[in-house]
Amino acid sequence: RLACHSPQCSGSIRLFRIRAAAAADDAGEAAETPTLYGDWREFRAKLVADAGKVNWASRVSEENSRLLQVQNPSLASEETWAHATTQPEVGGLLLATSDGPAVLSTDKYWQAVVLLVQHSPAGSVGLLLNRPSGLKLGIGRAGLKFGIIGAPAGLQETFAANRVYCGGMVRQDVFHILHGHNLEGAVEVAPGVYVGGEAAAVKAAAGGLIPTDNFKFFCGAMVWEGSQLQQEVDKGAWYTAAGSRNLCLKQCLQLPKPLWREVLGLMGGDYSAIAKEDEFD
């Protein structure tokens, strides 16, 4: 548990963990079952592109790509894509619709882009990707005013300059870490997208093995009980989508084209038209 010294924190601050359930298949049946290796979401995206004769490169935001090339050349080298899905899925995206504020009776999620890190009949958990705060993780000027009890040694020192994102309006005394590295203790929510593994993250970043800006920190989360999220989708509050991992992992700081419009533009068709309408509103 990671507790907060700040009087504003009524609870404790923790780093988010997801418990993954393992399912064992019958050995005989498993041997006969075809297996798809690699990123199945990328495979699906290629099927979508082939069916619609889509050239993802023609939809990519050039100005955002140039910025990512400076910020993270490795992520910039990966193909950028996004397409609509029929329902919410773990590792997928939620994009607030234009009617979202009215449906949800709040404008807090205007043009929100959410990464779903958990989704089941019991409920859903997501992280707002495009709500950077003005605070940094370190203690001091422009940083947090408190230490995080229970955090791995050196966490706030190693990632002192990292921006803290608002992950959602629920439990803002809880911190979450998002990155693209298969570290000890981390859980993969989509191919190449991980949450957790904070101790290993400190070790890797402090040792110069991974740049500190490869990690994103969030306070709070989006939380839905039971079928609440599906009900909101059915009422028209959210578009559901799948997107390349670089859209999830890149820093949403000083983007020439806001992430919401960038993803809708990649999705094409009516979604792209909505993004363009908003641009000129």
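Structure: see above.
Enquirer: Is there a simple way to think about the overall build of the chain in this case?
Expert: Summing up its helical and strand segments, the chain has 12 helices and 15 strands in all. Within the chain, residue pairs in contact and separated by at least 24 positions form 72% of the contacts whose partners lie at least 6 positions apart. Total accessible area on the chain is roughly 14,300 Å²; 51% of this is exposed by carbon and sulfur atoms.

Enquirer: Which parts of the structure should I look at to understand the pattern of salt bridges?
Expert: The tally for this structure, following the rule as stated, stands at 2 salt bridges. Glu 78 is the salt-bridge partner of Arg 245, the closest N and O atoms lying 2.8 Å from each other. With a gap of 167 residues between them, Arg 245 in helix H10 (residues 245–249) and Glu 78 in the loop between helix H5 (73–76) and strand E3 (82–84) connect regions that are remote in the sequence. In this structure, the salt-bridge partner of Lys 250 is Glu 262, at a minimum N-O distance of 2.7 Å. Linking Lys 250 in the loop between H10 and helix H11 (259–267) with Glu 262 in helix H11, this pair joins segments that are 12 residues apart in sequence. As far as burial versus exposure is concerned, Lys 250 and Glu 262 are alike and both buried.

Enquirer: Explanation requested: the packing of aromatic side chains in the structure shown.
Expert: Both the distance between ring centres and the angle between the ring planes are used here to describe each pair of aromatic rings. Applying the stated criterion to the full structure yields 6 aromatic pairs. On the numbers, 6.3 Å between centres and 45 degrees between planes, the contact of Tyr 109 with Trp 238 is tilted. You can see Tyr 109 sitting in the loop between helix H6 (100–104) and strand E5 (113–120) and its partner Trp 238 sitting in strand E15 (residues 238–243), a full 129 residues away along the chain. Judged by relative accessible area, which is 4%, Trp 238 ranks as buried. Ring geometry for Phe 159 versus Phe 215: centroids 5.3 Å apart, planes at 65 degrees, classification edge-to-face. Pair noted here: Phe 159 is in the loop between helix H7 (155–158) and strand E10 (163–166) and Phe 215 is in the loop between helix H8 (198–206) and strand E14 (216–225), with a separation of 56 residues, a long-range link. Of the two residues examined, Phe 159 and Phe 215, each falls in the buried class. Members of the aromatic cluster, each reached through a chain of ring pairs, are Tyr 109, Trp 224 and Trp 238. The ring of Tyr 165 carries the charged tip of Lys 216 above its face, separated from the ring centre by 4.8 Å.

Enquirer: Which parts of the structure should I look at to understand the side chain of Asn 162?
Expert: Topologically, Asn 162 is positioned in the loop between H7 and E10. Other than its neighbours up to four places away in sequence, Asn 162 contacts Leu 135, Lys 136, Leu 137, Thr 212, Asp 213, Phe 215 and Phe 217.

Enquirer: Sorry, what's going on with the nonpolar core here?
Expert: Proteins that are soluble and globular tend to have nonpolar side chains buried together. Of all hydrophobic cores here, the largest spans 35 residues; its most connected members are Leu 93, Leu 95 and Leu 129. Top contributing element to this core by residue count: H11, with 6 residues. Residue contacts for Leu 93: discarding those within four places in its chain leaves Val 113, Val 114, Leu 115, Leu 129, Tyr 239, Thr 240, Ala 241, Gly 243, Cys 248 and Val 263. If you look at the next biggest cluster of nonpolar residues, it comprises 21 residues, including Ile 148, Leu 155, Phe 159 and Val 164.

Enquirer: Can you walk me through the environment of Glu 89 in this structure?
Expert: Inspection of the secondary structure assignment puts Glu 89 in the loop between E3 and strand E4 (93–96). With 26 residues separating them along the chain, Glu 89 and Leu 115 place their C-alpha atoms 9.5 Å apart.

Enquirer: Explanation requested: the state of the cysteines in the structure shown.
Expert: Here is the idea: a disulfide is a covalent bond, and it sits between the sulfur atoms of two cysteines. Throughout the structure, instances matching the rule amount to 0 disulfides. The cysteine Cys 166 is free of any disulfide, with Cys 219 supplying the nearest cysteine sulfur at 5.4 Å. Exposure remark for Cys 166: the relative accessible area of 15% places this residue in the buried category.

Enquirer: How do you make sense of the pairing of E15 when you look at a structure like this?
Expert: Side-chain positions along a regular strand alternate between the two faces of the sheet. Counting buried positions over the 6 residues of E15 gives 6, a clear majority of the element. Of the two faces of E15, the one carrying Trp 238, Thr 240 and Ala 242 and the one carrying Tyr 239, Ala 241 and Gly 243 are both buried. Alignment of E4 against E15, held across 4 bridges, turns out to be antiparallel. Considered in E15, the bridge of Leu 93 is made with Ala 241.

About the criteria used
- Residues numbered from 1 in each chain as written.
- Predicted model: local features only at pLDDT ≥ 70, side-chain atom pairs only at ≥ 80, totals over all residues.
- Heavy atoms only, no water.
- Helix = DSSP H or I, 4+ residues; strand = E, 2+ residues; numbered from the N terminus.
- Contact = heavy atoms within 4.5 Å.
- Areas by Shrake-Rupley, 256 points an atom, 1.4 Å probe, with all protein chains shown as cover.
- Salt bridge = Lys/Arg side-chain N within 4 Å of Asp/Glu carboxyl O.
- Buried < 20%, exposed > 50% of the residue type's maximum accessible area, 1.4 Å probe, protein only.
- Phe/Tyr/Trp six-rings, centres within 6.5 Å; stacked < 30°, edge-to-face > 60°.
- Lys NZ or Arg CZ within 6 Å of the ring centre and 35° of its normal.
- Core = buried A, V, L, I, M, F, W, Y, C linked by side-chain atoms within 4.5 Å.
- Disulfide = S-S within 2.5 Å.
- Pairing = 2+ DSSP bridges.

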